[in-house]
Amino acid sequence: MSTLGRLVLIFWLFVVLIINSSYTASLTSILTVQQLSSVIQGIDSLISSNDPIGVQDGSFAYNYLIEELGVLESRLRILKTEDEYISALEKGPKGGGVAGIVDELPYVENFLSNTKCVFRTVGQEFTKGGWGFAFQRDSPLAVDLSTAILQLSENGELQRIHDKWLSNNGCYSQNNQADDTQLSLKSFWGLFLICAVACFLALVAFFCRVYCQFRRYDPEPEEQDISEPESARPSRRTLRSISFKDLIDFVDRRESEIKEILRRKSIDSKRHQGQSSDGQPSSPV
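Residues numbered from 1 in each chain as written. Predicted model: local features only at pLDDT ≥ 70, side-chain atom pairs only at ≥ 80, totals over all residues. Heavy atoms only, no water.

**Quick word on the overall build of the protein chain**
- Helix and strand counts for the protein chain come out as 11 helices and three strands.
- Listing each helix as α and each strand as β along the protein chain from the N terminus yields α-α-β-α-β-α-β-α-α-α-α-α-α-α.
- Buried positions account for 21% of the 285 residues belonging to the protein chain.
- Taking as baseline every contact in the protein chain between residues at least 6 positions apart, the subset at least 24 positions apart corresponds to 63%.
- Accessible surface for the protein chain amounts to roughly 21300 Å². Of this, 58% is attributable to carbon and sulfur atoms. (Helix = DSSP H or I, 4+ residues; strand = E, 2+ residues; numbered from the N terminus. Buried < 20%, exposed > 50% of the residue type's maximum accessible area, 1.4 Å probe, protein only. Contact = heavy atoms within 4.5 Å. Areas by Shrake-Rupley, 256 points an atom, 1.4 Å probe, with all protein chains shown as cover.)

Following this line, the structure appears as structure tokens:
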């Protein structure tokens, strides 16, 4: 009901309006991005389409796509360097590039790490065969190397090496890419800060005004002696203790009621001052 309360309410309405608009815009953006995303969701959708597919020069993926998955050889594009990877993906199938690249997972992770995850992988791994080391038959190195690899895998060192060279450099997984565009409380910290400052200033102004009004307010005006001089009243007020209940009762009063009481006190004070000046005895001549 007060002016300060209305001021705080205006700030809160402004914050709610911004949050509502931001939520609507974010939801619209998320739905739009989902509609505009690539139709390629994995190896199955890539094969079923008629778009060109990129493969690394000399990789087993070339023969695997043709012989195992039945992809036409005319659809395959041989790529040799990372620059050709980037160029083919940026052009896309309509610009003379490729819709996707099928490659071995270590090469893919290295490519994503070097390009700061501008591109992403889709779908799941469709082969589970790992890399291996070939030795001559009955070579003693095969046992030693296998044992060393098992030890590195058991103590976690193998995973740490993988994370150091392939998973760092600020590269995030494809499942967390949409999280960067979602709104959170950190997105609105400025609005909440403005509201907090407005509420704090309003509370400070309110308590200062209440304090100033309470100093002029007498919770028991009927007990005062009207005939008592005005100059004697402040000293009497200072001697009389004011309880915390008097302050609470004063705060609970309506602002219009307080202003009316203070206005009457001001009028009464001026009236008593006028009577005091008119009633002063004159000295004999």
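**A look at the side chain of T115**
- The topology assignment puts T115 in the loop between α5 (105–114) and α6 (140–154).
- At a separation of 2.8 Å, a polar atom in the side chain of T115 contacts the main-chain carbonyl oxygen of F111.
- There is a polar contact of 3.4 Å between the side chain of T115 and the backbone oxygen of L112. (Polar contact = N/O pair within 3.5 Å; in protein donor to acceptor, adjacent residues only side chain to side chain.)

**Thoughts on a negative patch on the surface**
- Where like charges cluster on the molecular surface, the negative patch consists of D57, E82, D83 and E84.
- Of note, E82 is situated in helix α4 (residues 82–91).
- You can call E82 partly exposed: its relative accessible area is 32%. (Patch = residues over 30% accessible without salt bridge, like charges linked within 9 Å, V, L, I, M, F, W, Y side chains within 5 Å. Salt bridge = Lys/Arg side-chain N within 4 Å of Asp/Glu carboxyl O. Lys, Arg positive; Asp, Glu negative; His and termini not counted. Charge placed at Lys NZ, Arg CZ, Asp CG, Glu CD.)

**Focus: the UniProt feature "transmembrane region" (unreviewed entry) in the protein chain**
- The sites that UniProt annotates as "transmembrane region" (unreviewed entry) are residues 188–208.
- Overall, residues 188–208 shows 95% helix and 0% strand. The separation of its end C-alpha atoms is 30 Å. (UniProt positions renumbered as here; feature names shortened; annotations may be inferred.)

**A look at the confidence of the model for the protein chain**
- For the protein chain, per-residue confidence averages 75 on the pLDDT scale, and 69% of positions sit at 70 or higher.
- Here residues 172–179 is modelled with pLDDT under 50, and outside its nearest four sequence neighbours on either side it reaches nine contacts, counting other chains as well.
- Counting contacts from residues 220–228, a segment whose pLDDT is below 50, to residues more than four positions away or on other chains yields 11 contacts. (pLDDT = per-residue confidence, 0-100.)

**Quick look at the pairing of strand β2 (residues 76–79)**
- Judged from the four bridges that link them, strand β1 (residues 53–56) and β2 form a sheet pairing that is parallel. Counterpart to V55 in the pairing with β2 is I78.
- For the segment spanning β1, helix α3 (residues 61–68) and β2, crossover handedness is right-handed. (Pairing = 2+ DSSP bridges. Right-handed = clockwise from strand over helix to strand, strands pointing away.)

**Quick word on the packing of α4 against α5**
- Direction vectors running N to C along α4 and α5 enclose 75°, while the axes themselves pass 11 Å from each other. When the interaxial angle is binned, α4 and α5 end up roughly perpendicular. Residues E82, Y85, I86 and L89 of α4 pack against N110, F111 and N114 of α5. (Axes fitted to C-alpha atoms, helices over the stretch in contact; angles between N-to-C directions. Parallel < 35°, antiparallel > 145°, perpendicular 65-115°, else oblique.)

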